[in-house]
Amino acid sequence: HVNIVRGSSSWVDKSGCRDFDTLEDHDSTIISNHNKTVSVNDDVVSLGDFVFGKGYLAAERFLNVLNFKTLYYVYGNHDRPMEDFFAKYGNKVSMNGKTVISMGHYFEYSFHVAFKHYQDFIFCHYPFLRWNKCHRGSINCFGHEHGHINKLIEEILPQARMFDAGMECIDYTPISIE
């Protein structure tokens, strides 16, 4: 949204803003980085806050230009447009050869990441102090914090298998689960 972008934000304290001149620069960078990294045959997990301040048609426009085969969508706290999108089309939406699936607020999945090795992931917009199978090596991926609690996690929970996948933490570029 316009206030998270330094060049267009009306916030007095811009320290939490992303370093883009315009919202259009911000959005085009994210789309370009996504499409350079993700193929039309890839599965994607999105951790919410997709199109804050815009309607479901904006969500649909963004989904149409992004590469993916299946997008598993986990709701964030600014997701009225995505809630409206799924309310209009259903929780599993086929569009232009792609599928978008609402996972609600929480998604667990075991990915095959190496020969005969599976890694359990817990996806939620928010971080957890404890999560399913955390004592067995599962990884909690979250986004809500914008990198603000990573130092705290390192200091207080150094052994925790937590990953902030918020845009600021991954250089606005999707990362492979591997």
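You'll find the structure just up there.
Residues numbered from 1 in each chain as written. Predicted model: local features only at pLDDT ≥ 70, side-chain atom pairs only at ≥ 80, totals over all residues. Heavy atoms only, no water.

Asks: How would you explain the sheet that holds strand β5 (residues 107-114) if you had to name every residue and give the values?
Replies: Taken in spatial order, the 4 strands line up as β5-β6-β7-β8 in an open sheet, and their pairing is mixed. Pairing within the sheet leaves two strands with one partner each, and these edge strands are β5 and β8 (162-164). The average angle at which neighbouring strand axes cross in this sheet is 30 degrees, direction not considered. Judged from the 7 bridges that link them, β5 and strand β6 (residues 117-123) form a sheet pairing that is antiparallel. In the strand pairing of β6, Ser110 is matched with Asp120. (Pairing = 2+ DSSP bridges. Helix = DSSP H or I, 4+ residues; strand = E, 2+ residues; numbered from the N terminus. Axes fitted to C-alpha atoms, helices over the stretch in contact; angles between N-to-C directions.)

Asks: Tell me about the pairing of strand β3 (residues 92-95), and name the residues and values.
Replies: Regular strands place their side chains on alternate faces of the sheet. Taking every second residue as pointing to the same face, the buried face of β3 carries Val93 and Met95, while none of Lys92 and Ser94 on the other face is buried. Here β3 pairs with strand β4 (residues 98-102) via 4 bridges, running antiparallel. What sits directly across from Met95, in β4, is Lys98. Between the antiparallel neighbours β3 and β4 lie 2 residues, among them Asn96 with a positive phi of about 50 degrees. (Buried < 20%, exposed > 50% of the residue type's maximum accessible area, 1.4 Å probe, protein only.)

Asks: Go over the sheet that holds strand β1 (residues 43-46) with me, naming the residues and quoting the values.
Replies: Strand order in the open sheet formed by 4 strands is β1-β2-β4-β3, with mixed pairing between adjacent strands. Looking at the sheet topology across the chains shown, the edges are occupied by β1 and β3. The mean inter-strand angle of the sheet, taken between neighbouring strand axes irrespective of direction, is 15 degrees.

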